[in-house]
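Remarks on the overall topology
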Amino acid sequence: VAPSSRVLSGRFLQDEIFTVRNYLAEYRASWAVTGCSVLADSWRDTQGRTLINILVSCPRGTYFVCSVDATNAVDDATYLFKLLDKVVEEMGEENVVQVIHLF
C-alpha cells in the first residue's frame, strides 16, 4: 500500500529536500578544489517561448540551476550578461573556471 499524499508531501518530501541540500553542499565544497563551469543553453518550447537552462558542471557531475523565460530578451546582450553574471556570483566568482553558452 502506497503512503498517503499527506505523508508524501510532508515527511517524505522534507526528507528528500534535506538529502538533496546535503548533496548540493558537497558539490559546492568541491568547487573550491576543482572549480566549476556554468553552462547556458537556449531552446524553444511548443508555445514558441525561448527558454534558457542554466546548469553547473564539475568533476562530481552536473546539476540544473534554473530555467529562465528569455523570449523578449534573447537578443539583448546586456540582459544575457546580467543573467550569467548573477549565476557566476551565486556559484562564487572564485570557483567558476568558465562560462559556456549555446544560444
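Let me sum up the structure you'll find in this document. What you see is a predicted model; the values in this text were computed from it and never measured. (Residues numbered from 1 in each chain as written. Predicted model: local features only at pLDDT ≥ 70, side-chain atom pairs only at ≥ 80, totals over all residues. Heavy atoms only, no water.)

So, on to the environment of R44. Examined against the element boundaries, R44 turns out to sit in strand 1 (residues 36-44). A relative accessible area of 59% places R44 in the exposed class. Each C-alpha atom, one on R44 and one on A70, is 9.9 Å from the other, the two residues being 26 residues apart in sequence. Not counting residues within four places of it along the chain, the set of residues in contact with R44 comprises R49 and T50. There is a polar contact of 3.2 Å between the side chain of R44 and the backbone oxygen of G48. (Helix = DSSP H or I, 4+ residues; strand = E, 2+ residues; numbered from the N terminus. Buried < 20%, exposed > 50% of the residue type's maximum accessible area, 1.4 Å probe, protein only. Contact = heavy atoms within 4.5 Å. Polar contact = N/O pair within 3.5 Å; in protein donor to acceptor, adjacent residues only side chain to side chain.)

Here the focus is the pattern of salt bridges. Taken as a whole and judged by the stated rule, the model has two salt bridges. One salt bridge connects E26 with R60, and the closest N-O pair in it is separated by 3.4 Å. Taken together, the residues E26 in helix 1 (residues 5-34) and R60 in the loop between strand 2 (50-58) and strand 3 (61-69) connect sequence positions 34 residues apart. Residue classification places E26 among the partly exposed residues on the basis of a relative accessible area of 41%. Accessibility expressed as a relative area gives 43% for R60, which makes it partly exposed. Between R49 and D45 there is a salt bridge, with the nearest N and O atoms lying 2.6 Å from each other. We classify R49 as partly exposed; its relative accessible area is 34%. (Salt bridge = Lys/Arg side-chain N within 4 Å of Asp/Glu carboxyl O.)

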